Amino acid sequence: MEAKYCRESRVIRTSRVFPNDVNNHNTLFGGRLMSDLDQVASISAARHSRRGCVTASTDSVDFLYPVRTTDSVCFESYVTWTGTSSMEVFVKIIAEDLKSGARTIAATALLTFVALDEHKRPAPVPQVIPETEEEKKLHETAPERARMRKERKQKSKELADFLTTDYPWKPPYSS
C-alpha cells in the first residue's frame, strides 16, 4: 500500500457564526464546534483510507480563544499519523474577525478514526508522509500520543467493568 501525503487528506471548511450557534456567553457553543470538527475529521480519514471510517476516540479538544458572531470559523483537518487500521486526525480551528481580518487559533483537536472493510472490520490504511513543519511536528510526536491513547483506553475499560448498568430509579439493594 502506497503512503500518502498529509495534504491529500486535507479538508478546509469555513462558515459564519450565527446567533443560533452560540451559547449564553454569545460565543460559539462548544458542542457545535465539536460536531463540526468530527465531520471534517471524518472526511480527512475517508480521503486518506478511501474506506468507510468510524470515530474511535476524540483524544483532545482544547478551546483556546472564544469564537464570536462577528467571526468566521475555519476548520482545517488532515491525517497526521497512522497505525495498521487507525488514523490520527488533527483539526485546527481558526477564528477570523470579519471586520479586522485578525485570525486566531481558537481551538485544536486530535481524533482517532478506524478504517473499515466491507464486513465492518478494521482495514489497513496507508502510512503518512508529512511535508510542512507543522505536519512533521505532529507526525513526530504522534507515537507518544498513541501510547497515551492506548493507556487511557485500558483505564476506561477497567472503569467500565466497575460501573453498573442498573436502572437509576431502582434502589441498589434487594427488598
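Predicted model, so just to flag it, every value in this text is computed and none were measured.

Overview of the nonpolar core
Formed by 31 residues in total, the largest nonpolar core has its most connected members in Leu37, Phe75, Val91 and Ile93. Of all the elements in the fold, those that place two or more residues in this core are α1 (30-49), β4 (71-82), β5 (86-97) and β6 (103-116). Take this core: its biggest share by element is 7 residues, from β6. Not counting chain neighbours up to four residues away, the residues in contact with leucine 37 comprise Val61, Phe75, Val91, Ile93, Ala109 and Leu111.

A closer look at the pattern of salt bridges
Taken as a whole and assessed by the stated rule, the structure comprises 15 salt bridges. The closest approach of N and O atoms between lysine 92 and glutamate 76, which form a salt bridge, is 3.8 Å. Taken together, the positions of lysine 92 in strand β5 and glutamate 76 in strand β4 put the pair 16 residues apart, joining distant regions of the chain. What makes glutamate 76 buried here is its relative accessible area of 14%. Between glutamate 134 and lysine 92 there is a salt bridge; the shortest N-O distance is 3.0 Å. Separated by 42 residues along the polypeptide, glutamate 134 in helix α2 (residues 133-162) and lysine 92 in strand β5 bring together distant segments of the chain. In the salt-bridge network here, residues are joined through shared partners; they are Arg10, Glu76, Lys92, Glu134 and Glu135.

Structural notes on the environment of lysine 150
Here lysine 150 shows up in helix α2. Residue classification places lysine 150 among the exposed residues on the basis of a relative accessible area of 66%. When the C-alpha atoms of lysine 150 and proline 171 are compared, they prove to be 35 Å apart, with 21 residues separating the residues in sequence.

Thoughts on the environment of threonine 70
Turning to its location among the elements, threonine 70 is positioned in the loop between β3 (52-63) and β4. In this structure the C-alpha to C-alpha distance between threonine 70 and lysine 150, which are 80 residues apart in sequence, comes to 40 Å. Once residues lying within four places of it in the same chain are set aside, the contact partners of threonine 70 are Glu96, Asp97 and Leu98.

Observations regarding α1
Taking 1.5 Å per residue, 20 residues should reach 28 Å; α1 reaches 28 Å between its end C-alpha atoms and fits that length. Along α1, the positions that sit buried rather than exposed are Leu33, Asp36, Leu37, Val40, Ala41, Ser44, Ala45, His48 and Ser49. Taken from the residues just after α1, arginine 50 is the one with a positive phi, measuring 55 degrees.

A few points about the sheet that holds strand β2 (residues 11-16)
Within the open sheet, the 5 strands sit side by side as β2-β4-β5-β6-β3. Their pairing is antiparallel. Both outer strands of the open sheet, β2 and β3, are each paired with one neighbouring strand and no more. Neighbour-to-neighbour, the strand axes of the sheet open up by a mean angle of 20 degrees, direction not taken into account. Relative to β5, β4 runs antiparallel, the two being bridged by 11 bridges. In the strand pairing of β5, glutamate 76 is matched with lysine 92. Across the sheet, α2 lies against β3, β4, β5 and β6, angled at about 75 degrees from β4, the strand it touches most.

Cut-off values and rules
- Residues numbered from 1 in each chain as written.
- Predicted model: local features only at pLDDT ≥ 70, side-chain atom pairs only at ≥ 80, totals over all residues.
- Heavy atoms only, no water.
- Core = buried A, V, L, I, M, F, W, Y, C linked by side-chain atoms within 4.5 Å.
- Buried < 20%, exposed > 50% of the residue type's maximum accessible area, 1.4 Å probe, protein only.
- Helix = DSSP H or I, 4+ residues; strand = E, 2+ residues; numbered from the N terminus.
- Contact = heavy atoms within 4.5 Å.
- Salt bridge = Lys/Arg side-chain N within 4 Å of Asp/Glu carboxyl O.
- Expected span 1.5 Å × (residues − 1).
- Pairing = 2+ DSSP bridges.
- Axes fitted to C-alpha atoms, helices over the stretch in contact; angles between N-to-C directions.

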